[in-house]
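# What the coordinates show
The chain contents come next:
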Amino acid sequence: MFRRRARDREFREAQPAGQALLQMHANQPAPDFTRPATASAPAASITEEVPDFLPPDLRVPSRDEVEGLMMRWEKPLVIDGEVRECPQCGAYRDWIVFSMRDNTIWLRCRAGHNTAEPRLDPAWYNRNSGPVDHFHPTLEDGLRHLDHH
């Protein structure tokens, strides 16, 4: 019982000190952030071209430099609760999924039939694909790499 009263008294005595500290900070002028800090380097150095980090033989093409991306999808492809089948042959597994530069998704079955899939988008492709491990100069090379020729 005595400890509680002692803590209450300490709190009541500390309140005016805290109020005085808050008042002191409220009365101080705000720092002037409109003036730029003293520059250590002249402004002309900002426009200088910085050399690229990677040498040209280690750079990968950007998304705009390739026609599209492809990945293998061996299990049945379920879209909106339905198993997707090839409209020509009825295949429902072992797809190659293409994400094209124009943001369309195409499917290719093992028999070589290509069909657009408007219910999928590049965001779906990015969530389900792994990292890009190879770049191929032709579609046939890519299909051969994925063992889908």
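One can find the structure itself at the top, above this paragraph.
Computed from a prediction, not measured in an experiment: that's the story for all the values here. (Residues numbered from 1 in each chain as written. Predicted model: local features only at pLDDT ≥ 70, side-chain atom pairs only at ≥ 80, totals over all residues. Heavy atoms only, no water.)

### Some remarks on the environment of Asp147
The line we're drawing: In this text, helices come from DSSP runs of H or I with a minimum length of four residues, and strands from runs of E with a minimum of two, each type numbered from the N-terminal end. Between two residues, a contact is recorded if the distance between any of their heavy atoms is within 4.5 Å.
Mapped onto the fold, Asp147 is located in the segment after α3 (139-145). The residues touching Asp147, leaving out its near neighbours within four places in the chain, are Arg72 and Arg110.

### Notes on the pairing of strand β4 (residues 95-100)
We apply this condition: Think of it in three bands: with a 1.4 Å probe and only protein chains considered, a residue is buried below 20% of the maximum accessible area for its type, exposed above 50%, and partly exposed in between. Strands pair, by our definition, only if DSSP identifies at least two bridges between them.
Within β4, five of the six residues are buried, leaving the element largely enclosed by the surrounding structure. In terms of strand pairing, strand β1 (residues 68-73) meets β4 through six bridges, oriented antiparallel. In the sheet register, Met70 faces β4, and the bridge partner there is Phe98. Sheet topology places β4 next to strand β5 (residues 105-108); four bridges connect them, and they run antiparallel. Bridging across to β5, Ser99 finds its partner in Ile105. The antiparallel hairpin formed by β4 and β5 contains four residues in its connecting segment, where Asn103 sits at a positive phi of about 70°.

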